Amino acid sequence: MAKHIAAKVMDIPPGERLSVEVQGRKIAIFNVAGEYFGLRDACPHMGGLLSEGVVIGLVEADRPGCYSYSRGGEIVRCPWHGWEFDLRTGKSRFDPNRWKTHSYDIEVGDVQQLEVETVDVTTEGEFVIVNL
Amino acid sequence: MPANQKLVIADCDIHPSPKSVEKEIFPFLEKRWRDHYQTYGMLLRQPYQAGPAYPKGQPDAARRDAYGPNGEKPGSDLEFMRKHHLDRYNIELGVLNPLKSGQGLQNPDFAAAYCKAINDWQIAEWTSKEARLKGSVCLPYEDAILSAKEIERRAGDPNFIQAFMLIRTSEPLGNRRYWPIFNACVEANLPLAVHAFGFGGTPVTGGGWPSYYTEDMVGHSQSAQSLVTSMVMEGVFERWPELKLIIVEAGFAWAPALSWRLDRIWAQNREELLHVKRPPSEYMADHIWYTTQPFEEPDRRGHLKDIFEWIGWEKLLFATDYPHWDFDDPTRIPLPRATDEQKQSFFIDNARSLYGV
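All values reported here derive from a predicted model rather than from experimental measurement. (Residues numbered from 1 in each chain as written. Chains lettered and ligands numbered in written order. Predicted model: local features only at pLDDT ≥ 70, side-chain atom pairs only at ≥ 80, totals over all residues.)

S.K.: What exactly am I supposed to notice about the sheet that holds strand β6 (residues 66–77) of chain A here?
M.R.: Strand pairing within a sheet occurs via backbone hydrogen bonds; the two strands may be parallel or antiparallel. Residues and elements named next belong to chain A. Strand order in the open sheet made by the three strands is β5-β6-β7, with antiparallel pairing throughout. Of all the strands in the sheet, just β5 (54–63) and β7 (84–86) have a single pairing partner and so form its edges. Neighbour to neighbour, the strand axes of the sheet diverge by 50° on average, direction disregarded. Here three bridges tie β6 to β7, and the two strands are oriented antiparallel to one another. For I75, the partnering residue across the bridge sits in β7 and is D86. (Pairing = 2+ DSSP bridges. Helix = DSSP H or I, 4+ residues; strand = E, 2+ residues; numbered from the N terminus. Axes fitted to C-alpha atoms, helices over the stretch in contact; angles between N-to-C directions.)

S.K.: I tried to follow the sheet that holds strand β4 (residues 35–40) of chain A on my own but got confused; where do I start?
M.R.: All names here are of chain A. As summarised here, the arrangement of the six strands in space is β1-β9-β8-β4-β3-β2, forming an open sheet in which the pairing is antiparallel. Edge positions in the open sheet fall to β1 (3–8) and β2 (17–22), since each of these has one partner strand only. Averaged over neighbouring strand pairs, the angle between their axes works out to 35° when direction is ignored. Across two bridges, the pairing between β4 and strand β8 (residues 103–109) is antiparallel. Directly across from G38, in β8, lies its bridge partner Y104.

S.K.: Mind showing me how you'd approach the pairing of strand β3 (residues 25–32) of chain A here?
M.R.: Every other side chain in a regular strand lies on the same face of the sheet, so the side chains alternate between the two faces. All names here are of chain A. Bridge analysis of β2 against β3 gives six bridges, and the strand direction is antiparallel. Residue pairing in the sheet places L18 in a bridge with I29 of β3. Pairing of β3 with β4 involves six bridges; the strand directions are antiparallel. Bridging from a neighbouring strand, F30 pairs with F37 of β4. Turn length for the β3-β4 hairpin, with the two strands adjacent in sequence and antiparallel, is two residues, and the turn residue A33 shows positive phi of about 50°.

S.K.: What is the right way to look at helix α5 (residues 144–154) of chain B in this model?
M.R.: Among the residues making up α5(B), those that are buried are A144(B), L146(B), S147(B), A148(B), E150(B), I151(B) and R154(B). In this fold, the buried residues of α5(B) make contact with α4 (108–127), β3 (133–138), β4 (160–166) and α6 (179–188) of chain B. (Buried ≥ 20, exposed ≤ 12 C-beta atoms within 10 Å, placed from the backbone. Contact = placed C-beta atoms within 7 Å.)

S.K.: How should the environment of S353(B) be read in this particular structure?
M.R.: All names here are of chain B. Inspection of the secondary structure assignment puts S353 in helix α12 (residues 340–355). We classify S353 as exposed; it has 11 C-beta atoms within 10 Å. Sequence-wise, S353 and D143 are 210 residues apart; in three dimensions their C-alpha atoms are separated by 30 Å.

S.K.: Even after reading the chapter, I still don't get the nonpolar core, so can you show me in this structure?
M.R.: What tends to happen in soluble globular proteins is that the nonpolar side chains get buried as a cluster. In terms of nonpolar packing, the biggest core is built from 120 residues, with I29(A) and V194(B) touching the most fellow members. Among the elements that take part in this core, α4(B) stands out by supplying ten residues, more than any other. Sequence-distant contacts of I29(A), defined by excluding residues within four places in its chain, comprise A6(A), A7(A), I12(A), R17(A), L18(A), V20(A), Y36(A), G38(A), I106(A) and V128(A). (Core = buried A, V, L, I, M, F, W, Y, C linked by C-beta atoms within 7 Å.)

S.K.: Explanation requested: the interface of chain B and chain A in the structure shown.
M.R.: By a widespread convention, an interface's size corresponds to the accessible area lost as its parts come together. Counting from both sides, the interface comprises ten residues of chain B and, opposite them, ten residues of chain A. Residues of the side of chain B that touches chain A, tallied by class, amount to two nonpolar, two polar and six charged. (Nonpolar A, V, L, I, M, F, W, Y, C, P; charged D, E, K, R; others polar.)

S.K.: Looking at this model, I keep getting lost on the packing of α5(B) against α6(B). Mind explaining?
M.R.: The relative placement of two packed helices comes down to the angle between their axes together with the axis-to-axis distance. Residues and elements named next belong to chain B. Running from N to C, α5 and α6 point in directions that differ by 10°, and their axes come no closer than 8 Å. Taken as axis vectors, α5 and α6 run roughly parallel relative to one another. For the pair formed by α5 and α6, the contact residues are A144, I145, S147, A148, I151 and E152 on the first element and W179, P180, I181, N183, A184, C185 and A188 on the second. Residues that form the contact of α5 with α6 fall into these classes: ten nonpolar, two polar and one charged. (Parallel < 35°, antiparallel > 145°, perpendicular 65-115°, else oblique.)

S.K.: Help me out: how do you make sense of helix α3 (residues 78–87) of chain B in this one?
M.R.: Count 3.6 residues to each turn of an α-helix, and residues three or four apart come out pointing the same way. All names here are of chain B. Turning to α3, its buried residues number three or more, namely M81, H84, H85 and L86. Seen along its axis, α3 keeps its buried residues to an arc of 150°; they face one direction. Opposite its buried face, α3 presents the exposed residues E79, K83 and D87, each directed more than 90 degrees away. In this fold, the buried residues of α3 make contact with β2 (91–96). (Arc of directions from axis to C-beta.)

Honestly, it's all geometry; don't read function into it.
Have a look at this one:
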């Protein structure tokens, strides 16, 4: 698995997201309170850019009239048809085993971690790294 | 077509909006109606007057990515629409279907004045600037005489390729009060497009007012079936054999089943409807086209093959509903397996031949 620099940490503050292209793959990277998650930046339904979606929590009803809200900031809603995806897994909420988008392993590190890649480093600091 | 040749698309349902009613529509309204708009607003024939009867699934019912670079309202900026939609999908023909166009307003004279202004606005802001886009003659359809006048005013004007109204009328559309509209459409050689939604004042389902937007959304196919049934049974297509009807955004998979049921019941009650000379399915096949957005999405796309064949590939028109949230992407809809000719007819040729452009 190769590591690729996707962005600077400062480019994706908590609660924000960024669409990047790594090795020809469009990836939406989300910062959820300091944790980073990467999803293929295309809804598996019709291709809406998940990086343009609203990030929400999970509203559920165990039974009619009984609602719960959890996991604030961990669900992205497609900007087109509103399909919901779990940022941690890429799985859809309504049919998680059938409809999912690829989930990428994201980490934060500095340039020394990278073995072969040459990058133009103009700023000191940490980077968001995608493992492909 | 060769695999490397990009599909050319006709999008039969694009919704343009003014950036501002005062700046873009007022220039085409008399002072009397500008004052009316500001004093009384736009009173529709529906309950829940503060907004749409059902809250939309997304703000402005729009794709979240359809706002312009400076926050322009979805569908309000031509330059953005070109880049974001027309160029991106290789759309050669885009049919403008303005909503909030004065249709369904309770005051019939205001409805007519506002529809006329919207029609002028389509030329000024859209069709005169972008040859790929064609306008719709918005009709104040609850007043058929005023609607016919608006059709006559636009007859022969190449900026317009269809007359346009909404599906939820205050009475079933085959009713005699609407007949002047059909006559005018035929005289002007314009197809009549009937789009989902509307303000008939009656419940949005055959069983009353439902609780949720989702029920509102699936209610359009009910409305469309009532409309088609009414037009057939009132003998509209018998009286105007040249009338072309386009059902827009109300589904299509229901059409074959409706035609079978109508044929049977019509045959069993033949003497009630002596003016309906042919089986209802024949009128439907001859006179009705359907835009496909929101596309039917069965678990197996093979299920749609029969539906397409029963309706006829030549009667289905591709549409996206841009910039609305339930947008269909031409490269992603689950089209059934098709020959190149069928794809070509569905994506572009059917529209060209129907509209004569």
